[in-house]
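# Examination of the molecular architecture
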Amino acid sequence: MSDLFEKSIQTLELPRVLERLAEQAVTAEGKERALALRPLADEDDVRRLLSQTTAAAEMMTLSGSPSFSGVKPVAASLQRAEMGGALNTRELLDIAAVLRSARSAKEYADGRGGGAKTCIDALFASLTPNRYLEEKITGSIVGEDEIADSASTELASIRRHIRATASKVRDILNRLISSNQAKYLQEAIITQRNDRFVVPVKSEHKNEIPGLVHDVSSSGGTFFIEPMGVVKANNELRELQAREEKEIERILAELSAECASYREDIAQNYDLLIALDVIFARAKLSYRMKASEPKIVPKGVFLQRARHPLLDPAKAVANDLMLGESFDTLVITGPNTGGKTVTLKTIGLLVLMAQCGLHIPVDGDSRIQVFQRVLADVGDEQSIAQSLSTFSSHMVNIVGILGQADSQTLILFDELGAGTDPIEGAALAAAIIDSARELGALVAATTHYAELKVYAMTTPGVENASCEFNVETLAPTYRLLIGIPGKSNAFAISERLGLPKYIIQKAAARIDAENVRFEDVLTQLDEQRQQMEREKETAAQLRREMEDSAKLAREYRAKLEQEREKAMEKARMEARAILDTARETAGQVFKELNNMRRQQRKEEDWQRVNEARADLRHRLNTAEDQLGGGEEAPVPPPTRPAQAGDTVELLKMGTQATVLSVGKDGALQLQAGILKITAKQSEVRVVEGETQKTVKKVVQRAEHKLRSLGASPEVDLRGMMTDEAIGALEIFLDNALLGKLHEVTIIHGKGTGAVRKAVRDYLKRSRYVKSFRPGRYGEGEDGVTVAELK
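Described below are features of the structure shown in this document. (Residues numbered from 1 in each chain as written. Predicted model: local features only at pLDDT ≥ 70, side-chain atom pairs only at ≥ 80, totals over all residues. Heavy atoms only, no water.)

A few words on the overall build of the chain. The secondary structure content of the chain amounts to 22 helices and 25 strands. Pairs at least 24 apart in sequence give 67% of the contacts found in the chain among residues at least 6 apart. As displayed, the chain offers around 43400 Å² of accessible surface, 52% of which is attributable to carbon and sulfur atoms. (Helix = DSSP H or I, 4+ residues; strand = E, 2+ residues; numbered from the N terminus. Contact = heavy atoms within 4.5 Å. Areas by Shrake-Rupley, 256 points an atom, 1.4 Å probe, with all protein chains shown as cover.)

Have a look at this one:
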């Protein structure tokens, strides 16, 4: 990377964007890598980085961000362990933290289930958790200065003997303190000097208590004496303490050897975690800037509703910026403080960000070319030390830029040709732009010169643009108008600020007639543009109102159809109920008639009975046929044979059922509610719409997950009252469950312990929590609670 390119990176303020990126990283090395990012010049590499950022943003939307807290450099420790050195407790805990983060990240990726494959899945898959070594270290080392008794059976035995011996020494000394020798003591206490138990004796009575003197107070009034009765026990205690230190050294050496045997896996885990930390930092920055991924194209820059990333998103004015598609040079004109330089910097900075793999604050369908160099001459670089004027300093930059420019270069000139005679400066600016275009570079330049406006209007491939200025309010609107040259508005601004009109008239008389006509044409063009924009906005408003009215009409019509269908269905149900009652009554009549037949009535009586029965059945069937007909549209024929698992509609009953199985003869076994029914293929119709309903439910579930954006693995309740903290905890656990997190950290602080007690009482009662524990060393100890979710 050339010095001029690096200087342009600083000028366009890419480091300020990288500082914001570093704030999103969790690990120290991740922050360093973020600050060290530089634009890539290979299209495939840029696409890969952008795809990684997009994949991480999508994963955060559904599952939150994985935790990288506690990941610290371990390479030097692993190298010393491999050389046979014993690591200290701090180094071993750092290695355990890397293993814990690797396991957590792996579980995060596995928890996504059957989600779509992404380009960063391979990074998660390459992680190699080692729960055995992680738990062996954390189970052996309680804190940076404490080894657990459970680290080995020998250590537990030694410490048991140490406690017993110390208790024995204390008992002996307590008896001395309670005896008549207590009057010789400065205070009735037991203390330690040189790791041996002693009592403070008044100097004048030092010979009254036989023993070894270990120390004397600074005033000489107190002697710290180890009574002879405890010398043997103290000696035994020192021996046990020496054995304890030796055993601890052995345990640390053993753990160090274990780490050395897994050195490559641990080092790879660390590198992968740092890489993932930077990727997710890019995704977090994308959310903060409301940014999106641009499409990489071979030629040109098209930025839809682009915003400068360092400005407040709520206040920044979005502009459509284009260069290299229908024209290769953009000349931006307009008054000072109108936003010309910001527009120039926005183009260059967004290109640099995209080539660093960052999403940029633009709308969809934005396109960017990957440049080998982005060279900018922006700002006043007057140098007293080098005796360079403004014009000279700019010219030094321009000479360097033209020396490196080619077809893979984006060049940005601010106030090209300024600082010298206007006529010569305008001519020089046009010649510089021509030279850059001949080299194949894309050029964007700002200027005040009217000659360059004419140059842009008359030269193919060069386009005018201007930054809009509201003369009424004397304020720029910061809107970029491509295709329209800008006006200086000097006379209008001066008049609004109170300059006498006769002075303005004198100034106007001095302007060349051609320039006056040119400015008049620009004024007319601007007025016509504003009129067209107002008419366009009015037409758009009318179109929106018509679309809203059409939508309401469609909804009203659909509602009427639903109500009509409900009314018809209700009428059919009532009619069926009447028919069912009639059939039941007829059945009773037939039963009585059959009884009469069994009594052997006359043949002619039975003939009349049969005729009456047939007539009744005919009337019922006719009524039922009429009930199923009417104005209702005919049932469409089956679209395809039903298969097991399909949802079908029984044509005669109008009831939906699920196909359980299909027999060899084509008969269907159906489940309709609690009933099982057998039907033929011709009696049912496959309901294809059910698939769409299922898809809709899936989409609704996905949308519900989107609303749990940013499900964090930890919550900070410090500073809250108990009721407020429990409310926040409930919301946090809901989001964690929606984000499919398995382990969460609740930060409540130590303080009075009220919030901690309330949190743990709540976790005991929560049906979402499988178990919980206080934080270990390095996690926050008793100031945090780590909960495992079901």
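The next thing to look at is helix α5 (residues 75-82). One turn of the α-helix equals 3.6 residues, which is why residues spaced by three or four share an orientation. For α5, the set of buried residues is Ser 77, Leu 78 and Ala 81. Summarising the axial view, the buried residues of α5 lie within an arc of 95°, below the 170-degree limit, and thus occupy one face. Within α5, the exposed residues directed more than 90 degrees away from the buried face are Ala 75 and Ala 76. Gly 84 sits one or two positions beyond α5 and adopts a positive phi of about 100°. (Buried < 20%, exposed > 50% of the residue type's maximum accessible area, 1.4 Å probe, protein only. Arc of directions from axis to C-beta.)

Remark on secondary structure: sheet strands pair via backbone hydrogen bonds, oriented parallel or antiparallel. Pairing is antiparallel across the open sheet formed by 4 strands, whose spatial order is β3-β4-β6-β5. In this open sheet, the two edge strands, each paired with only one partner strand, are β3 (191-193) and β5 (211-216). Across the sheet, the mean angle from the axis of one strand to that of its neighbour is 50°, orientation sign disregarded. With respect to the sheet, helix α9 (residues 153-178) is in contact with β4 (196-202) and β6 (222-227), its orientation differing from that of β4 by roughly 15°. (Pairing = 2+ DSSP bridges. Axes fitted to C-alpha atoms, helices over the stretch in contact; angles between N-to-C directions.)

Turning next to the nonpolar core. Burial of nonpolar side chains together is a common tendency in soluble globular proteins. Core analysis: the largest hydrophobic core is formed by 71 residues, its most contacted members being Leu 14, Leu 303, Met 353, Val 374, Leu 410 and Phe 413. Looking at this core element by element, the count peaks at 8 residues for helix α12 (residues 340-355). Leave out the neighbours within four places in its chain, and Val 374 touches Phe 5, Ser 8, Leu 12, Gly 348, Val 351, Leu 352, Leu 410 and Leu 412. In this structure, Ala 57, Tyr 108, Leu 133 and Cys 259 belong to the second largest nonpolar core, which totals 44 residues. (Core = buried A, V, L, I, M, F, W, Y, C linked by side-chain atoms within 4.5 Å.)

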